Every structure is written in structure tokens, then in C-alpha cells.
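Spelled out, the chains give:
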Amino acid sequence: MKVQNPETQIPKTPQMNDRDFINDMLSTEKYMTDSYCTFLNEASHQHLYDEILHIFTETQNCQRELYNLMFKKGWYALEQADQQKLQQSYQQFQGYASQFPYNNMIQ
């Protein structure tokens, strides 16, 4: 079952429309946040880390706003998760948690 708002209609022309532009921006923001994450995982200089973390947060917030806009306009659909599959995955990963060295910290 899809979770989606009613789709805002846009002209179907060869030129890029609002949906195309926003989708392109969303893809770019996702790529940028992935790249910033890699940098943050490997940064050794604290001041540079802090600066990139600030930029990452702004970029992530922008990505979220674009996602919300696309979802609101019905241009981004999600699949509703099957409750049984969710429960099975939850139980599977609960079993993995007992293998962590600090499992008493995980609740």
C-alpha cells in the first residue's frame, strides 16, 4: 500500500518543471549529506570537523524540507511497511543486540 498525498498536477513538457527541479535539488542534497557524512567519519582536525558538521546540519535540514515539500505535493510516495515484517526485523535485531560488547547500554 502506498502512502502519498494527492499529486499536484504539473504541465508535461520537454522542459524541466517544478517537480523536476525540486527532485534534482533533493538528489543533490542527498548526495551532499552522504559525502559530508564520510568526511565527518574520517576528520581528524577538530575545528574543520565542527565547520563541516555545521554545513552538514544545514544541508540535512534543506534535504528534509525538500522531501517534505515533495511529499506534500504528492510527488514522493512511500510504501507502507508490513507490520509482520517489521516485527520480524525487530526481533532479529534484538537478537543481534545481545552480541554487542556493551549490550547492557542498549535498551
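Calculation criteria
Residues numbered from 1 in each chain as written. Predicted model: local features only at pLDDT ≥ 70, side-chain atom pairs only at ≥ 80, totals over all residues. Heavy atoms only, no water. Helix = DSSP H or I, 4+ residues; strand = E, 2+ residues; numbered from the N terminus. Rg over C-alpha atoms; globule rule 2.2 N^0.38 Å. Buried < 20%, exposed > 50% of the residue type's maximum accessible area, 1.4 Å probe, protein only. Contact = heavy atoms within 4.5 Å. Areas by Shrake-Rupley, 256 points an atom, 1.4 Å probe, with all protein chains shown as cover. Lys, Arg positive; Asp, Glu negative; His and termini not counted. Charge placed at Lys NZ, Arg CZ, Asp CG, Glu CD. Core = buried A, V, L, I, M, F, W, Y, C linked by side-chain atoms within 4.5 Å. Phe/Tyr/Trp six-rings, centres within 6.5 Å; stacked < 30°, edge-to-face > 60°.

Identification of the protein chain as Spore coat F-containing protein from Anoxybacillus flavithermus is taken from an unreviewed UniProt entry.

## Remarks on the overall build of the protein chain
In terms of helices and strands, the protein chain carries three helices and two strands. Counted from the first residue to the last, the protein chain has its helices and strands arranged as β-α-α-β-α. Here the C-alpha atoms of the protein chain give a radius of gyration of 19 Å, more than 25% beyond the 13 Å that 2.2 N^0.38 yields for 107 residues. In terms of overall dimensions, the protein chain has C-alpha extents of about 55 × 45 × 20 Å along its principal axes. Residues counted as buried form 17% of the 107 residues belonging to the protein chain. The contacts of the protein chain with a sequence gap of at least 6 include a subset with a gap of at least 24, amounting to 67%. As presented, the protein chain carries roughly 8700 Å² of accessible surface, and 53% of it is formed by carbon and sulfur atoms. In the protein chain, 8 positive and 13 negative side-chain charges are present, and the distance between their average locations comes to 13 Å.

## Focus: the side chain of T59
The topology assignment puts T59 in helix α2 (residues 46-72). Classification of T59 as buried rests on a relative accessible area of 8%. In this structure, T59 is in contact with E29, M32, T33 and Y36, ignoring residues within four places of it in sequence.

## Some details on the nonpolar core
Of all hydrophobic cores here, the largest spans eight residues; its members are I10, I22, L26, L66, Y67, M70, F71 and W75. Elements that contribute at least two residues to this core include exactly α1 (18-42) and α2. If one sorts the elements of this core by residue count, α2 sits on top with four residues. Sequence-distant contacts of L26, defined by excluding residues within four places in its chain, comprise Q63, L66, Y67, M70 and Y76.

## Overview of the packing of aromatic side chains
Across all of its chains, the model carries two aromatic pairs by this definition. Ring geometry for Y67 and F71: centres 6.1 Å apart, planes at 20°, overall stacked. Taken together, the residues Y67 and F71, both in helix α2 and four residues apart, mark about one turn of the helix. In terms of burial, Y67 and F71 fall into one category: buried. An angle of 80° between the planes, with centres 5.0 Å apart, marks the rings of Y67 and Y76 as edge-to-face. By relative accessible area, Y76 is classed as partly exposed at 22%. Following the ring pairs from residue to residue traces out a cluster consisting of Y67, F71 and Y76.

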